[in-house]
Amino acid sequence: MNTVEFTGSEFYNFIAEHKLMGSHCQQCGDLYLPPRPRCPQCHQEEMKWVEFSGTGKLVAFTVVHVAPTAMLTAGYSFTKPYCTGIVEFENGARISAQILGVDVERPETIEIGIALQVKFIQRSNGEGETTALAFEPVG
Amino acid sequence: MKQRKLGRGVAVVGAGMSNFGAFKGKSTRDLFVEAFREMLASVDKGLDQEAIEALYIGNYSSDLFEGQGHTAPIMADWIGLTPRPATRIEDACASSGVAIRQGIIAIASGLYDMVLVGGIEKMTDLPTAEVTDTLGTAADTLYEVPAGFTFPGLYAAMATAYMERYGATPETFMKVGLKNHENGALNEKAQFGKRIADIMAQKKDRAIKKGYPEPTWQNEMDFLHDRRANPTIAWPLRLYDCSPVSDGAATILLVSEELAHNFTDTPLYIIGSGQASDGATHDRPTLTGLPAARRAAQMAYQMAEVKPSDIKVAEVHDCFTIAEIMATEDLDFFAPGEGWKAAEDGTTARSGPRPINSSGGLKSKGHPVGASGVGQVIEIWKQLRGTAGERQIPGDINLGLTHNVGGTGQTCAVHIFERR
């Protein structure tokens, strides 16, 4: 597995396989999600791929009404908004992802701190579908 | 952080801007000529433009906005300064704040005695979704944009983190917008140039004329809570929490300190400059402030040897209302978690003890992104020289600060100006 380079395209190849993969610095032990080839803390390049459990908590979010082209293509619109947020894992790593299973009509009911689990979704890109990273409340 | 000093002093001796707004049929070069014309007229003792040695032009994305790359030489050409070196600087919405810093460095190094610093952007030719996409390229297109984040969305996410931690509400943000519209109503260059109350009255009149039911807003907050009049862009941020899509240009003339009095008896000395960078929004230790802004501010204060409490007037990067609140904390005007209270109780109003964005800010004045950093200096130039007209802040306004953010804080440039 360590022959796979620590690039964005490999990260998304893993996402397509329903795996949430980051990189683990063998020198200082820091974990990176998304993965990085070079450790910004200790400046070493001894990384190993590591699979994340996929459970974390919501630390910030929004419900987007004015969507970018890619999300319009995926079927969202001003009257069909979606939630996106920042998810923090137990080890401190954070990532941005779409948040499913919350009430986008009543964003004031969405609570920061709720436990989330990873969910890999298929999103239309106009020509076909791509697998995207998302999270939903646990349970 | 090691205290840094400039190799030699640098002063602003001229400043001008185009109107900010939506100008069909005008490209960045046309707006730049307007800004340059006003800058020339602002030099008290006159300027032979042949003395300008180089140009530093902030421009975020003419490539995507108007299909024009390589803009700096065009600006030089259009004002008749070819073949001088003309350099474009791109750091998203902080492009021209960073261009100022590059101009300062060029003069402080001794390479030049006089440089023109400018900022340009032409955003209104594109439809909304494409503007959203283009602004989105200032975020991380590999890891933030695929999550569905937009620019307002990222600031909205910071707003939810801020509300959760400190107790601010969406109404707090609305009050920032109200204040900046109050200020912008007194700025003849502003895109809106209207108070929210004026906008309400206008909409009521229009509804009556068209025979629609008359809106029932009782007051401005009522209007701002109306989902139709003030729709949600990215919750909790609504339309009136967001700076507009704008066209505009601004320019300032920088000279070495020893030359300043050849051009004016009241130059503004740039006594502090700071700049910092940061990673993607999700990668930061905090979501309730911008670490790069805090660091850039510390660098600028340290170089200037002034305290936050010494600053009399500040133009901060209110691309969204939440951004102004975080800025006032990152600049140490208020402790973390206190900025929203200052926004609610009038402390940051033009007549308050800590006036913020007397120009109307990006919210009301407009936010042609690459021009905003220099645009902020235009207000400081006026306030410190006592020429801000109706919106002049009373008293001895001798120290001013600009805070210009790129992206969601991947870049921040802070400058401190002094009138002696």
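Refer to the structure presented above.
Keep in mind the model is a prediction, meaning the values are calculated, not measured. (Residues numbered from 1 in each chain as written. Chains lettered and ligands numbered in written order. Predicted model: local features only at pLDDT ≥ 70, side-chain atom pairs only at ≥ 80, totals over all residues.)

Caption draft 1: Structural detail: the overall build of chain A. Assigned secondary structure in chain A consists of two helices and eight strands. When the helices and strands of chain A are listed from N to C terminus, the series reads α-β-β-β-β-α-β-β-β-β. By principal-axis analysis of the C-alpha atoms, chain A measures approximately 50 × 35 × 25 Å. Looking at chain A as a whole, 37% of its 139 residues are labelled buried. Put simply, of all contacts in chain A between residues at least 6 apart along the chain, 49% involve residues at least 24 apart. (Helix = DSSP H or I, 4+ residues; strand = E, 2+ residues; numbered from the N terminus. Buried ≥ 20, exposed ≤ 12 C-beta atoms within 10 Å, placed from the backbone. Contact = placed C-beta atoms within 7 Å.)

Caption draft 2: Representation of the overall build of chain B. Across its full length, chain B carries 14 helices and eleven strands. The globule rule puts the C-alpha radius of gyration for 420 residues at 22 Å, and the 20 Å found for chain B is close to it. Dimensions of chain B along its principal axes, counting C-alpha atoms only, are 60 × 45 × 45 Å. Expressed as a percentage of its 420 residues, the buried residues of chain B come to 62%. (Rg over C-alpha atoms; globule rule 2.2 N^0.38 Å.)

Caption draft 3: Representation of the interface of chain B and chain A. Tallying the contact residues gives 30 residues for chain B and 27 residues for chain A. Elements supplying a minimum of two residues to the side of chain B that touches chain A: helix 5 (128–136), helix 6 (151–166) and strand 5 (232–235) of chain B. Ranked by residue count, the leading element in the side of chain B that touches chain A is helix 6 of chain B, at eight residues. Here the residues of the side of chain B that touches chain A sort into 17 nonpolar, nine polar and four charged. Pairing geometry for strand 4 (residues 55–64) of chain A and strand 5 of chain B, over two bridges, is antiparallel. (Nonpolar A, V, L, I, M, F, W, Y, C, P; charged D, E, K, R; others polar. Pairing = 2+ DSSP bridges.)

Caption draft 4: Quick peek at the packing of helix 4 (residues 95–108) of chain B against helix 14 (residues 372–385) of chain B. Residues and elements named next belong to chain B. Following both chains from N to C, one finds helix 4 and helix 14 inclined at 70 degrees, their axes separated by 5 Å at the closest point. Overall, the two elements helix 4 and helix 14 adopt an arrangement that is roughly perpendicular. Residues Ser95, Ser96, Gly97, Ala99 and Ile100 of helix 4 touch helix 14, and the partners they reach there are Ser372, Gly373, Val374 and Val377. Along the lines of polarity and charge, the residues of the contact of helix 4 with helix 14 split into four nonpolar, five polar and no charged. (Axes fitted to C-alpha atoms, helices over the stretch in contact; angles between N-to-C directions. Parallel < 35°, antiparallel > 145°, perpendicular 65-115°, else oblique.)

Caption draft 5: Layout of the sheet that holds strand 3 (residues 47–51) of chain A. Residue and element names in this part refer to chain A. In space, the three strands of this open sheet follow the order 2-1-3, with antiparallel pairing throughout. Each of the sheet's edge strands pairs with one partner strand only, and the pair in question is strand 2 (31–32) and strand 3. In the sheet, strand 1 (residues 21–25) pairs with strand 2 via two bridges, with the strands oriented antiparallel. If you follow His24 over to strand 2, its bridge partner there is Leu31.

Caption draft 6: Geometry of the pairing of strand 4 of chain A. Residue and element names in this part refer to chain A. Of all ten residues that make up strand 4, seven are buried, and the element is covered over most of its length. As judged from the three bridges shared by strand 4 and strand 7 (residues 115–124), these two strands associate in the antiparallel manner. Paired with Lys57 across the two strands is Ala115, which belongs to strand 7. Relative to strand 5 (residues 82–89), strand 4 runs antiparallel, the two sharing eight bridges.

Caption draft 7: Quick look at the sheet that holds strand 2 (residues 54–59) of chain B. All names here are of chain B. Overall, mixed pairing links the nine strands, which are arranged 3-2-4-7-1-8-11-10-9 in an open sheet. With one partner strand each, in any of the chains shown, strand 3 (86–89) and strand 9 (313–316) form the two edges of the open sheet. Strand-to-strand twist across the sheet, computed as the mean angle between neighbouring axes with direction ignored, equals 25 degrees. Here seven bridges tie strand 1 (residues 10–17) to strand 7 (residues 247–256), and the two strands are oriented antiparallel to one another. Among the inter-strand pairings, Gly14 is bridged to a residue of strand 7, identified as Leu253.

Caption draft 8: Main features of the nonpolar core. Residue and element names in this part refer to chain B. Residues Val12, Leu55 and Val115 are the most contacted members of the largest nonpolar core, which totals 162 residues. Tallying contributions element by element places helix 6 first for this core, with ten residues. Not counting the four nearest positions on each side in its chain, Leu55 is found in contact with Ala72, Met75, Ala76, Leu81, Arg84, Ala86, Thr87, Val115, Leu116 and Gly118. (Core = buried A, V, L, I, M, F, W, Y, C linked by C-beta atoms within 7 Å.)

Caption draft 9: Quick peek at the packing of helix 6 of chain B against helix 11 (residues 321–330) of chain B. Residue and element names in this part refer to chain B. Remark: helix 6 packs on helix 11, axes separated minimally by 9 Å, with the N-to-C direction vectors making an angle of 55 degrees. By the angle between their directions, the pair helix 6 and helix 11 is classed as oblique. Where helix 6 crosses over helix 11, the two elements pack in a sense that is left-handed. Contacts between helix 6 and helix 11 involve Tyr155, Met158, Ala159 and Tyr162 from the first element and Ile322, Ala323 and Met326 from the second. The residue inventory of the contact of helix 6 with helix 11, partitioned by class, reads seven nonpolar, no polar and no charged. (Left-handed = near helix turned anticlockwise from the far one by under 90°.)

Caption draft 10: Examining the environment of Pro353 of chain B more closely. Residues and elements named next belong to chain B. Within the secondary structure layout, Pro353 lies in the loop between helix 12 (339–345) and helix 13 (361–365). Pro353 gets classed as exposed once you count the C-beta atoms within 10 Å, which come to 9. Spatially, the C-alpha atoms of Pro353 and His225 are 28 Å apart, while their sequence positions differ by 128 residues.

Caption draft 11: Broad picture of helix 5 of chain B. Buried within helix 5 of chain B we find Thr132, Asp133, Leu135 and Gly136 of chain B. Seen end-on, helix 5 of chain B carries its buried residues on one side only, within an arc spanning 165 degrees. Tucked inside the fold, the buried residues of helix 5 of chain B contact helix 2 (69–73) of chain A together with helix 6 of chain B. (Arc of directions from axis to C-beta.)

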